[in-house]
Amino acid sequence: PELPVTGAPSAEHLRKSSSFTVACPGTRQTMPKVSFDVECVPSEAVLLNFLLAKLQRLEPDILIGHDLLGGIVEKLLARMRVRGTSKWSRLGRLVRSKHLTEVFGTSKSMYARASSVSVAISGRLPCDTYIQARELLPKAKDYSLAALAESELKEIVPSFKSKAISNMLSTVDGVTELVGASERRTEAALKLAVHLSIIPLTKQLTNLSGNVWSRTLRGMRAERIEYLLSHEFSKESVSGLVDVKFILPDKLRKSDKPTTGAGTKTTSRRKAQYAGGLVLEPKRGLYDHHILQLDFNSLYPSIIQEYNICFTTVLQDSEEPAKIKLPEASEKEGILPRVLRRLVEQRRSVKSQMKSTKNPLLLKQLETRQLALKLTANSIYGCLGFENSRYFAQPMAEMVTAQGRDTLMKTVELAREKQMDVIYGDTDSLFINTGLTELPMVVAQGADLKKEVNRRYRTLEIEIDGVYVKMLLLRKKKYAAMRIQNLRMPDHLVREVKGLDLVRHDWCDLSHEASEYSLQQILGSGLRPDDAVANILDFLTQLAAKVRGNMLSLKKYIITKSLTKMPEEYPDGTTTPHVKVAFRAKQFGK
DNA sequence: CCCTGGAGCGC
DNA sequence: AGGCGCTCCAGGG
């Protein structure tokens, strides 16, 4: 169906032109009436041709689906290959006369397969809700359609394991149920695409970077930044502001890549190549006076602007090209800082427009635009440190993080000079135990530090991020606190938990229950710490008795670990428990 | 006892 | 097919 690029299509949009076709080999059985049209065709070969004919009739510009690129299209191509479907290229708009076998093999590399999928649907924009959800909802733990529908759309959609599907295909009722489920899943994918504003957002991202829309839809963050910067450098050389025709930075790194001789790491993360953010040693404990949290806004983009860090400005040591120095203050603004400044200014302008409009459609468009500006600005640093990026510049990435550490350190020093008790900080934030319980005084203290810090910088900017009335600080990156959500409503508290076992999905239910009870006692009960501890001890003692008495369901003990690659790809002799379990599961044919 | 992977967080 | 920092667990020697 036609889908407006902006605005929300209704479910009717889909339903109006929606119909399902089912292949029912053998006896031609009557499908019971459901909420949509169902046509029966005699074989899979006919079904595939029916789909292609339908696609050609509809001529869709956009294909939407969950795991469209990694799953759906690939599966279709695989079946068309088996059935020898000649008009396979009608999936897209590029007419191909070659036999599918020649274009789409089964035993190709991941890259080659992805490229076959691209070719097959060329001319239509692939909107894969799985790929986009991974990019736009980084905090989600489960990217299955059913999980995303539940968390984002508050809808329950069915999902089936492949074994269940093959069973259902043998009965009329089963097929009917599957068709109904397919309709709901299809609708959920469309709603998810609309909910995440995938089409308008990727359009904005593409307009900002000047790359190809279909590539933005496939993820490819580094490529977007490559285009953004290449356009910018090209403009500069044309207008003569930079005395070079083109810039292709030398890719330099301080140390050579660790030899990949032992086991090629296909998926798991490489060891860090350079130093990153500073994490302060926490002063551990339970705080019951107001804690003030201050944050630097967009730390790394701001640092690039503040110190004018660019390929065109940093000073390279002629002896050691990997060694660079910050440019002089008199140096004119480089290209990287200027791109960032422009993105930030545009975002500020969009945000101010939002304040003066009430038109919901326009508001939605502006919201999408400001998000695209933010995502683009925030991606630039990451690409400087990304080895396969065209603009990989490890010395510059290191310079950015070094300035970040310096900025946080100096801010902590200033706060301590002001007799403030800095109890923790991570990369761009610091937490101060004010020793106060009067919100206005706490905010005044924060405002004082903020003013002093911001006076020192042109672009860098610190802000009060929040006030907590109670905080349990356990380790680096592990804490829980009661936050005053809105400084105008100081009685409304919201619990915030970072890094604790409670927020980790790999721990078992039993552990979560114990954590939940303990945290509730400490932060949420209003009890004195001693009493809370007594209750916790009591709870844990009883729990231990239940565990020892084998009185709890085995389900409560289940822990979850995932593999980041195929079990065979782990080094020889790997005896890690979860890899062992994977091998055993394979043995049992799971 | 020290070290290294591996996973899953935080930023 | 952006980055690094920091637990915490297991296993090897």
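Just so we're clear, the structure is a prediction, and the values are computed from it rather than from any experiment.

## Describing the environment of Glu-331
- Looking at the element boundaries, Glu-331 is found in the loop between strand 8 (324-325) and helix 14 (335-355).
- For Glu-331 and Gly-549, which are 218 residues apart along the polypeptide, the C-alpha to C-alpha distance reads 73 Å.
- Ignoring sequence-local partners within four residues, the contact set of Glu-331 consists of Asn-308, Thr-312 and Thr-313.

## Re the side chain of Lys-470
- Mapped onto the elements, Lys-470 comes out in strand 11 (residues 462-475).
- Buried Lys-470, no salt bridge; nearest opposite-charge side chain is Asp-288, N-O distance 6.9 Å.
- In this structure Lys-470 touches Tyr-287, Asp-288, Ala-480, Ala-481, Met-482, Ile-522, Leu-523 and Leu-527, once residues within four positions along its chain are discounted.

## Looking at the domain arrangement of chain A
- Its domain assignment divides chain A into domain 1 (11-196), domain 2 (202-248 + 312-392) and domain 3 (274-299 + 402-477).
- Counting residues at the interface gives 11 residues for domain 1, matched by 11 residues for domain 2.
- Carbon and sulfur atoms supply 57% of the area buried between domain 1 and domain 2, which totals about 920 Å² over both sides.
- When the buried surface of domain 1 facing domain 2 is broken down by residue, Leu-125, Gln-132 and Glu-135 rank first, second and third, together holding 48% of it.
- At the boundary of domain 1 and domain 2, one finds two salt bridges.
- A salt bridge links Glu-135 to Arg-221, with the shortest nitrogen-to-oxygen separation between them at 3.5 Å.

## Re the confidence of the model for chain A
- Taken over all residues, the pLDDT of chain A has a mean of 87, while the share at 70 or more is 86%.
- Across residues 1-11, confidence stays below pLDDT 50; counting only partners more than four residues off in sequence or on other chains, it has 19 contacts.

## A look at the pairing of strand 10 (residues 429-433)
- Burial of strand 10 is extensive: five of the five residues sit out of reach of the surface.
- Residues Ser-429, Phe-431 and Asn-433 point to one face of strand 10 and Leu-430 and Ile-432 to the other, with burial holding for every one of them.
- Two elements, strand 6 (residues 291-296) and strand 10, share five bridges in a ladder whose sense is antiparallel. The residue of strand 10 that forms the bridge with Gln-293 is Phe-431.
- Sheet analysis places strand 9 (residues 421-425) next to strand 10, joined by four bridges and oriented antiparallel. In the strand pairing of strand 10, Val-422 is matched with Ile-432.
- Where strand 9 hands over to strand 10, the hairpin turn is made up of three residues, of which Thr-427 adopts a positive phi near 65 degrees.

## Topic: the protein's contact with DNA strand B
- What surrounds DNA strand B is a group of 21 residues, the closest being Asp-428, Tyr-479, Gly-499, Thr-564 and Tyr-570.
- Of everything in DNA strand B that lies within 4 Å of the protein, sugar and phosphate atoms constitute 85%.
- Here a phosphate oxygen of DNA strand B and a side-chain polar atom of Lys-141 are 3.5 Å apart.
- A distance of 3.2 Å is found between a phosphate oxygen of DNA strand B and a side-chain nitrogen or oxygen belonging to His-578.
- The class makeup of the residues in the surface near DNA strand B is five nonpolar, six polar and 10 charged.

## Examining the packing of helix 10 (residues 198-209) against helix 15 (residues 360-384)
- At a closest axis distance of 9 Å, the pairing of helix 10 and helix 15 adopts a crossing angle of 50 degrees. On the basis of the axis angle, helix 10 is oblique to helix 15. The way helix 10 lies across helix 15 gives a crossing that is right-handed. Here Pro-200, Leu-201, Gln-204, Leu-205, Leu-208 and Ser-209 of helix 10 lie close against helix 15, whose contacting residues are Thr-368, Arg-369, Leu-371, Ala-372, Leu-373, Leu-375 and Thr-376.
- Looking at the contact of helix 10 with helix 15 residue by residue, the classes come out as eight nonpolar, four polar and one charged.

## Details of the environment of Arg-218
- As for its position among the elements, Arg-218 is in the loop between helix 11 (213-216) and helix 12 (221-239).
- Sequence separation between Arg-218 and Gly-549 is 331 residues; the distance between their C-alpha atoms is 53 Å.
- Not counting residues within four places of it along the chain, the set of residues in contact with Arg-218 comprises Leu-69, Ala-114, Ser-118, Ile-131 and Gln-132.

## Re the packing of aromatic side chains
- Evaluated as defined, the whole model comprises 10 aromatic pairs.
- When the ring of Tyr-424 is compared with that of Tyr-479, the centres are 6.0 Å apart and the planes differ by 65 degrees; the resulting orientation is edge-to-face. With a gap of 55 residues between them, Tyr-424 in strand 9 and Tyr-479 in strand 12 (residues 478-484) connect regions that are remote in the sequence.
- In textbook terms, an aromatic cluster arises when at least three aromatic residues are bridged by ring pairs, as seen for Tyr-424, Phe-431, Tyr-468 and Tyr-479.
- Stacked on the ring of Trp-213, the Lys or Arg Lys-203 has its end atom at 6.0 Å from the ring centre.
- A cation over a ring is seen here: Lys-565 above Tyr-570, with NZ or CZ 4.9 Å from the ring centre.

## A word on the packing of helix 13 (residues 299-306) against helix 16 (residues 394-417)
- Contact pair helix 13 / helix 16: the axes reach a minimum separation of 9 Å and the direction vectors enclose 100 degrees. Looking at the two axes, helix 13 sits roughly perpendicular to helix 16. Contact residues: helix 13 offers Leu-299, Tyr-300, Ile-303 and Ile-304, while helix 16 offers Val-400, Thr-401, Gln-403, Gly-404 and Thr-407.

## Here's the deal with the nonpolar core
- Leu-336 and Met-396 are the most contacted members of the largest nonpolar core, which has 91 residues in total.
- It is helix 15 that contributes the most residues to this core, eight residues altogether.
- Among all residues touching Met-396, those that are not within four sequence positions of it are Ile-309, Cys-310, Phe-311, Val-314, Ile-324, Leu-336 and Leu-384.

## What to know about the pattern of salt bridges
- For the coordinates displayed, the defined rule picks out 30 salt bridges.
- In this structure, Arg-93 engages Asp-61 in a salt bridge whose closest nitrogen and oxygen atoms are separated by 2.8 Å. Highlighted residues: Arg-93 in the loop between helix 3 (68-83) and helix 4 (100-103) and Asp-61 in the loop between helix 2 (44-58) and strand 3 (62-65), separated in sequence by 32 residues.
- Several salt bridges share partner residues, and in doing so they unite Glu-59, Asp-61, Arg-93 and Arg-124 into one network.

Conventions used here
Residues numbered from 1 in each chain as written. Chains lettered and ligands numbered in written order. Predicted model: local features only at pLDDT ≥ 70, side-chain atom pairs only at ≥ 80, totals over all residues. Heavy atoms only, no water. Helix = DSSP H or I, 4+ residues; strand = E, 2+ residues; numbered from the N terminus. Contact = heavy atoms within 4.5 Å. Buried < 20%, exposed > 50% of the residue type's maximum accessible area, 1.4 Å probe, protein only. Lys, Arg positive; Asp, Glu negative; His and termini not counted. Salt bridge = Lys/Arg side-chain N within 4 Å of Asp/Glu carboxyl O. Domains from an automatic or database assignment. Buried area = accessible area lost by both parts, 1.4 Å probe. pLDDT = per-residue confidence, 0-100. Pairing = 2+ DSSP bridges. Near = heavy atom within 4 Å. Polar contact = N/O pair within 3.5 Å; in protein donor to acceptor, adjacent residues only side chain to side chain. Nonpolar A, V, L, I, M, F, W, Y, C, P; charged D, E, K, R; others polar. Axes fitted to C-alpha atoms, helices over the stretch in contact; angles between N-to-C directions. Parallel < 35°, antiparallel > 145°, perpendicular 65-115°, else oblique. Left-handed = near helix turned anticlockwise from the far one by under 90°. Phe/Tyr/Trp six-rings, centres within 6.5 Å; stacked < 30°, edge-to-face > 60°. Lys NZ or Arg CZ within 6 Å of the ring centre and 35° of its normal. Core = buried A, V, L, I, M, F, W, Y, C linked by side-chain atoms within 4.5 Å.

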